[in-house]
Amino acid sequence: MAAGYADLLRTRHAARLLAGTLVGRLPNATAPLAVVLFVRAEGGSYALAGALSAAYGVCNAIGQPLLGRAVDLYGQPRVMLPASVLSALGMALLAAVGIDPLWLAYAAVVIAGFFTPPLEGGLRALWPGVLQRADRVHAAYALDAVAQEVMFAVGPLLVTLCVAAWSAGAALLVINALGVLGALSVVVSEPSREWRSGPREAHWLGALRSAGMLVLIGTFFFVGLALGSIAVAAVAYADEHGGGMISSYLLSALGVGALAGGIVYGAREWPGRPEGRLRLLVALLALGYLPLALVPGVAGMTALTGVAGVFLAPALACAFVVVDRHAPKGTVTEAFSWLVTTFGVGSAVGASVVGPVVEAGGSAAGFAVAGAGGIAALLVLLSTKRFLGDPVQRTAGARPAENDRNGAVEPGFRAGHQA
């Protein structure tokens, strides 16, 4: 298992692209916490901190697919590096002006959120050309999902350390400076400079004209909703059981489960079409969320959250493969960006919806929202099965379908630099 991942990372450019992308995404992963800490340090209320974080999140959700489309049209260096610099300047402006005047603080987070570069989608567009083989790309998607879990665990810790060592404003500057360096490392690399999206049909819907993409977006909105509700319900559970670090235990167990599941999933090739495998993985994910509503003692609850996380990274990794198969030609970065955006929006909606539910019914009701989100995601997949069928439908001698771009072992993986 470890040898397979080591072999992948020894491939030329692979380790650099993965590391650069993770560092480049630090500002996005840490922005909600960093903004809240900064506003509180400036004397602002939690309400203002939440509003500024929400403004960042909304603008990020709008900007990611639009910048992804720009990357598909103009290439990675021309879009990602300027966007990263502008996003960092937005956070630098916030650090410089504080929360007075308030309109300027909002303008700063709007700029920072909207211009966050779509590095996540960009990396997934690069993997096929860098790794060449379908089995390696499959493993890379899984490793990417695992690394994302690590980043979201380490990022907030890094922010907290910067605040303790210097100040909340310095934390904004340091994290975003690191983000620019990460983006720079990616865009000056040979694969990023040479990558070109395939020729695309001019259409205002872009990646969204694919029915399969719409199914994936609907599915992972509800998966994100489930995760967002778990984060809030875990805090409520901790309050009911004495507070302290209990919520951290639960969320850490969720992350450890996802890490373990992603590592195991990516270590081997799986038979069958990824569309069917995605339905199975989402079903298992939903089944893992349902027992959380039982809210047993702390030890039992920690174990349940660990099990609930096991199928998250595999489901994400499989979804990346399905996106690659169903994204219209020339829209791959935009398509991946839509999935990332939808997942984040779903998480934000889940966090907001579960609050009143917890107030009314306690943590058990909050975890029930997570179970309902998992079931809703599965129902989307099952009810739209005909739209998420195999995009490769050929007979002998027929031209390859749009999404069968190189006849790889698992159709949809690209050996060249086309979307």
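Given the structure is predicted, the values throughout are model-derived calculations rather than measurements.

## Examining the overall build of the chain
Then, in step 1: A tally of helices and strands in the chain yields 16 helices and zero strands.
Then, in step 2: Residue burial in the chain is summarised as follows: out of 419 residues, 54% are buried.
Then, in step 3: Look at the contacts in the chain between residues 6 or more apart in sequence, and 82% of them connect residues 24 or more apart.
Then, in step 4: Accessible surface, the chain as shown: approximately 16,600 Å² in total, 68% of it carbon and sulfur.

## Remarks on the pattern of salt bridges
Then, in step 1: All told, the structure shown has four salt bridges when counted by the stated rule.
Then, in step 2: For Glu120, the salt bridge identified is with Arg25, shortest N-O distance 3.5 Å. Placement of the pair is Glu120 in helix H7 (residues 119-131) and Arg25 in the loop between helix H2 (14-24) and helix H3 (26-41), with a sequence separation of 95 residues.
Then, in step 3: Assessed through its relative accessible area of 11%, Glu120 is described here as buried.
Then, in step 4: Here Arg25 falls in the buried class, since its relative accessible area comes to 7%.
Then, in step 5: With its nearest N and O atoms 3.1 Å apart, the salt bridge here joins Glu334 to Arg69.

## A few points about the confidence of the model for the chain
Then, in step 1: Here the chain averages 82 in pLDDT, and 89% of its residues register 70 or above.
Then, in step 2: For the chain, per-element mean pLDDT is lowest for helix H1 (residues 2-10), which scores 71, and highest for helix H5 (residues 76-97), which scores 95.

## Remarks on the environment of Trp127
Then, in step 1: Among the secondary structure elements, Trp127 is positioned in helix H7.
Then, in step 2: Along the sequence, Trp127 and Ala140 sit 13 residues apart, while their C-alpha atoms lie 7.3 Å from each other.
Then, in step 3: In contact with Trp127, other than residues within four places in its own chain, are Ala14, Leu18, Gln132, Val137, Ala140, Tyr141 and Asp144.

## Some points on a nonpolar patch on the surface
Then, in step 1: A grouping of Leu287, Leu290, Ile375, Leu379 and Leu382 is seen on the molecular surface, where their side chains present a nonpolar patch of about 450 Å² in accessible area.
Then, in step 2: Top contributing element to the nonpolar patch by residue count: helix H16 (residues 332-383), with three residues.
Then, in step 3: Relative to the assigned elements, Leu379 resides in helix H16.

## Considerations on unusual backbone geometry
Then, in step 1: Residue Asp100 is joined to Pro101 through a cis peptide bond whose omega torsion reads 5 degrees.
Then, in step 2: Positionally, Pro101 belongs in the loop between H5 and helix H6 (102-114).
Then, in step 3: The phi angle at His13 is positive, at roughly 80 degrees, despite the residue not being glycine.
Then, in step 4: Mapped onto the elements, His13 comes out in the loop between H1 and H2.
Then, in step 5: Backbone geometry at Val295 places phi at a positive 40 degrees, although glycine is not the residue there.

## What to know about the UniProt feature "transmembrane region" (unreviewed entry) in the chain
Then, in step 1: Those residues carrying the UniProt feature "transmembrane region" (unreviewed entry) are residues 103-127, 165-189, 210-237, 249-266, 278-295, 301-323, 335-358 and 364-384 in this numbering.
Then, in step 2: As annotated, residues 165-189 comprises 84% helix and 0% strand, and the C-alpha atoms at either end are separated by 33 Å.
Then, in step 3: Between the first and last C-alpha atoms of residues 301-323 the distance is 34 Å; the span itself is 91% helix and 0% strand.

## Topic: the nonpolar core
Then, in step 1: By size, the foremost hydrophobic cluster in this structure holds 108 residues, and its most contacted members are Trp127 and Leu278.
Then, in step 2: Looking at this core, the element that brings in the most residues is helix H11 (residues 211-240), giving twelve residues.
Then, in step 3: When near neighbours in sequence (up to four residues on either side) are disregarded, Leu278 contacts Leu216, Phe220, Ala315, Cys318, Ala319, Val322 and Leu381.
Then, in step 4: Core analysis: the next-biggest nonpolar cluster, separate from the first, contains five residues, Leu225, Val354, Val358 and Val369 among them.

## Some remarks on empty space enclosed by the protein
Then, in step 1: Overall, the coordinates contain two cavities of 30 Å³ or more when judged by the stated rule.
Then, in step 2: The computed volume of the largest cavity comes to approximately 70 Å³.
Then, in step 3: What lines the largest cavity is Gly24, Pro27, Ser84, Ser87, Ala88, Thr116, Pro117, Asn176, Gly179 and Val180.
Then, in step 4: For the lining of the largest cavity, the secondary structure elements donating two or more residues are H5 and helix H9 (168-187).
Then, in step 5: Within the lining of the largest cavity, the residues separate by chemical class into four nonpolar, six polar and no charged.
Then, in step 6: Each pocket or cavity is described by its volume, and for the second largest cavity that value is around 60 Å³.
Then, in step 7: Residue lining of the second largest cavity: Gly24, Arg25, Asn28, Gln64, Thr116, Pro117, Leu119, Glu120 and Val340, and that is the complete set.

The rules behind each value
Residues numbered from 1 in each chain as written. Predicted model: local features only at pLDDT ≥ 70, side-chain atom pairs only at ≥ 80, totals over all residues. Heavy atoms only, no water. Helix = DSSP H or I, 4+ residues; strand = E, 2+ residues; numbered from the N terminus. Buried < 20%, exposed > 50% of the residue type's maximum accessible area, 1.4 Å probe, protein only. Contact = heavy atoms within 4.5 Å. Areas by Shrake-Rupley, 256 points an atom, 1.4 Å probe, with all protein chains shown as cover. Salt bridge = Lys/Arg side-chain N within 4 Å of Asp/Glu carboxyl O. pLDDT = per-residue confidence, 0-100. Patch = residues over 30% accessible without salt bridge, like charges linked within 9 Å, V, L, I, M, F, W, Y side chains within 5 Å. UniProt positions renumbered as here; feature names shortened; annotations may be inferred. Core = buried A, V, L, I, M, F, W, Y, C linked by side-chain atoms within 4.5 Å. 1 Å grid on protein atoms, 1.4 Å probe; cavity = no way out; pocket = protein on both sides within 12 Å on 5 of 7 lines; lining within 4 Å. Points joined across faces, edges and corners; volume = space filled by probe spheres on them. Nonpolar A, V, L, I, M, F, W, Y, C, P; charged D, E, K, R; others polar.

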